[in-house]
Structures are given as C-alpha cells and as structure tokens.
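Read off the chains here:
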Amino acid sequence: MRHLPALLFLCLAPLSAQTVPEANYDESKVGSYTLPDPLTLASGKPVADAADWNRLRRPEILRLFEDQVFGRTVAPAGKPLFEVTEAAGKALDGKATRRQVTIWLTGRKPGPKLDLILYLPASAASPVPVFVGLGFRPNASVSSDPAVPLASDWTRDPNDKTSYVKAPSPESVRGSAAARWQLDKIIAAGFGLAHANYQDIEPDFAGALKDSVRQAYLRPGQTQPAANEWGAIGAWSWGLSRIVDYLATDKSVDSSKLALIGHSRLGKTALWAGAQDTRFAIVISNDSGEGGAALARRNYGETLFRINTAFPHWFCANYKAYNQAVDKLPVDAHMLIALIAPRPVYVASAEEDKWADPRGEFLSAVSAGRVYSLLGKKGLGTDQMPPIHQPIMNTIGYHIRAGKHDVTAYDWDQYIKFARMHFSR
Ligand code: GCU
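Summary of the structure given here. (Residues numbered from 1 in each chain as written. Predicted model: local features only at pLDDT ≥ 70, side-chain atom pairs only at ≥ 80, totals over all residues. Heavy atoms only, no water.)

What follows deals with the environment of Leu41. Relative to the elements of secondary structure, Leu41 occurs in the loop between helix H2 (15-19) and helix H3 (50-70). The spatial distance from the C-alpha of Leu41 to the C-alpha of Glu60 is 7.9 Å, given a sequence separation of 19 residues. If sequence neighbours within four positions are ignored, Leu41 has contacts with Pro46, Val47, Leu56, Arg57 and Glu60. (Helix = DSSP H or I, 4+ residues; strand = E, 2+ residues; numbered from the N terminus. Contact = heavy atoms within 4.5 Å.)

Structure (structure tokens):
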C-alpha cells in the first residue's frame, strides 16, 4: 500500500515523462528488425507483376498509411477558387517573372486560403517544369525580392508560450530562407518555383485545428477528426494538391513536369503528398527523417514514440498505438517511397543530421527498389551507402552531403540535375 500514491502518479503522469527513451546514436544498439514486405499481399500471396502491384498491393499499402499513419485525406468539397493578385511582375533583374495567386481552398471566399508565389524564367518560350514546395515561412522569405508583400504568419505567443498568434511578419523575414530555395539557380536552369507557407494551410501547433483547413471538413457534430482521419501532415499534403490544381490551369507551367520538394517535416509531407497525388512527376525528400524516409523500425535518432509525443498533431490518432510497438506497424518508410513508384524519387541526407537517421533514410530507399524493379525501373542498384558527396541517380536517387540539417546549394545542384535527367532538359 505504501507504493500506491507513487503508482497512481505513474499512471496519471504524461506518458512522455514516463517512458520515452533517450535517442540512441549507437549503430550497434539498433538491433534487428524485419521490414514488412511490400511485395506480399495482406492475404499472404506474392505480388507477381505490375498489374498485381497497381490493382491490389498499392491500394492496400495506401490504405494502411491512411488508416494507421497520416490519416485519411478528405476529398475537396469543390474546386478551389484561384485569384491571381499579380499576373506578371518583374523579378531577379528581369530574369524571372513573378506571379502571385491566392488559392481559396474550399472554393469559397471568405474561407481558408493560401498565398502562392510562382517565379518563372522570363526567357521561356514554352511551358516550363516547376519545382513545387511548401516552406516554413511566408513567401517573402524565398528571396530578397522587394515586391513580395510581408504576409502575416503564425508564431508562438511571446506572452504565453503555450499558445500561438497570427502576427505581421517583420522585414527581417524577407530573403530569410533564400539559401534554402536557391531561386537564381532554379531560374537559370530553366525551371520555375512555386512556393507557399505551410502555415497558411494549418498552423504548426498542437491544438490549431480551429485555424486549419481540416476544420472546414469536420462533419456536423464532429469536433475532432476520427482516429483514422488526417493530421497536420495530411492537411499540408492536401494543400500541395490544391497548388497542383492551380498549376494545371497555368499556361506558363508544364504541369506534366512538377517536381515536389520538401525539407524535414515538409519532406515527410512531400512523400505523403507524392504518394497520394500522382500528378507530382518527381518527389524529393530532403532530410525528412522519422515519419518520412527514415525507417521507423531502426532504433536510431528520433523514434516514432518521440515524434508522436513532441508533435501529437502531425499524424492520425491511430499512429500512437505504435508508440511502443513499432514492430507491429504494418508499413514502414520503404513502403511510403514505393507508393511513388514508378515515378522518380530522390532521398537526401546530411552527415550531421543524426536525428533524422541518414542510414535509415538510405535503407528505405534501398528496400523500395524492389518495387521499382518490378515496375521495370532502376532503384539505387546497391545496398552500400555511398560516401559523402557521391550521389546515386537512377529512378531512385540518393545522396548524403557534409553538414547539418538544412537545404543547401549542393542539394539543389543534385535536384536540378536529377529533374533535368528525368525531364530530359
Ligand atoms: C523536429 C522533428 C523532426 C522534423 C524537424 C523539422 O526536429 O523532431 O521530425 O523533421 O523538426 O521539421 O525541422
């Protein structure tokens, strides 16, 4: 009986305080694990050919990711409404044309909206391929372009760290993400760039449902999405598809050549968006880590338990059932990558980004290769991790570069090369 209060405390204390183990950075402590087989049907039958994959196994895996990981994404209620607020501004000393479009996400105004910025090479004589990405900050952060309005953004409330507020962005936001977007390089290579701030779709805070597009899709009487319905990553992915809806209407854009790129949590988002929406012709995951390209079953860096604890709003509620039972998860990151097949996919890691588990990112790309082979495409063609700065570029691409968790000019050089190779430009 003496122990009862302590026991009670343990039961009531948040799970996180109790049991989330420290991150492991020792390769010898990773242990052994068995990955679910992407080429065996739930019934136990093998996937014999491309028809089996497309008709049976791919839908099965997609459904598992929907129900157990990211949550089901709702179909849009109607067509989004596009409002071109600037058709053709001059940017980059005349080298680029700037277009700004407000996308009213549910087709109604007022309602949830995102502001898209599109930079296109001014010299293009025909529709251009476009890199598409969500960023962490408003559109003015992409370059030092003085003509982009400083939109408001969501931040932690400085007076109350547990809540968040939408506040006007300071001038210091302008160009603050320029190194991550490398606009000059992209334009010089003949590509366009379409960018929006992910927080336009859903602010990145637990409890931000009321300010999310997800709120607009709750059924009458529903106050939260169901346990198998979308979390924030699902919402951000859905927003990316609405951007494609717009790009498909823009005559300056070759919408058969859209290369989706995302970094970190937005790399997870890019993989999920690319898995669901086949209009993305190429998908690039930059340092996406846990819940993205890194194998969840590897006990290295961030774990499933940690991510669900620190970011409870990212995944669907069902995903939490695997916090301490990752071996029971019916999928893993290799299957998320395989959902993109046969389209080209690129996974990138950074040497010092141990939290994202570079080796786990590489190994999932290796294992996805079996599905690519079945569909007549070449995966990485090796299970040996390449040295730093030696990219592999087949239908699956991979590199690990020196340095930290970030998107750099080196990363962009590879993505442009990969996109050129697959779009034959
Ligand atoms: C955190 C989180 C990662 C995520 C990263 C980011 O580090 O644990 O999973 O990828 O933020 O988005 O920058």
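We now examine the side chain of Arg401. Considering the arrangement of structural elements, one finds Arg401 in strand S12 (residues 396-401). For Arg401, a relative accessible area of 3% translates into the label buried. A polar contact is formed between the side chain of Arg401 and the side chain of Thr408, at a distance of 3.4 Å. Arg401 has contacts with Asp287, Ser349, Ala350, Glu351, Ile388, His389, Asp406, Val407, Thr408, Tyr410 and Asp411, leaving out every residue within four places of it along the chain. (Buried < 20%, exposed > 50% of the residue type's maximum accessible area, 1.4 Å probe, protein only. Polar contact = N/O pair within 3.5 Å; in protein donor to acceptor, adjacent residues only side chain to side chain.)

A few words on the pattern of salt bridges. A complete count under the given rule lists 27 salt bridges for this structure. Of the charged contacts, one joins Arg72 and Asp67 as a salt bridge, the two residues approaching to 2.7 Å between their closest N and O atoms. Residue Arg72 is classed as partly exposed on the basis of its relative accessible area of 30%. Salt-bridge contacts for Arg242 lead to Asp245; the nearest nitrogen and oxygen are separated by 2.6 Å. Here the residue Arg242 and the residue Asp245 both occupy positions in helix H6 (residues 232-247), the gap between them amounting to three residues, near one helical turn. As far as the burial class goes, Arg242 and Asp245 line up, both buried. Salt bridges linked by common partners bring Arg242, Asp245, Asp277 and Arg279 together as one network. (Salt bridge = Lys/Arg side-chain N within 4 Å of Asp/Glu carboxyl O.)

Near the ligand, the surroundings consist of Ser264, Arg265, Lys268, Glu302, Ile307, Phe311, Trp314, Trp355 and His405. Taking Ser264, its side chain carries an N or O atom lying 2.7 Å from an oxygen atom of the ligand. Here an oxygen atom of the ligand and a side-chain polar atom of Arg265 are 2.5 Å apart. For the ligand, whose accessible area on its own is 320 Å², the fraction buried by protein is 81%. Split into classes, the residues belonging to the shell around the ligand amount to four nonpolar, two polar and three charged. (Near = heavy atom within 4 Å. Areas by Shrake-Rupley, 256 points an atom, 1.4 Å probe, with all protein chains shown as cover. Nonpolar A, V, L, I, M, F, W, Y, C, P; charged D, E, K, R; others polar.)

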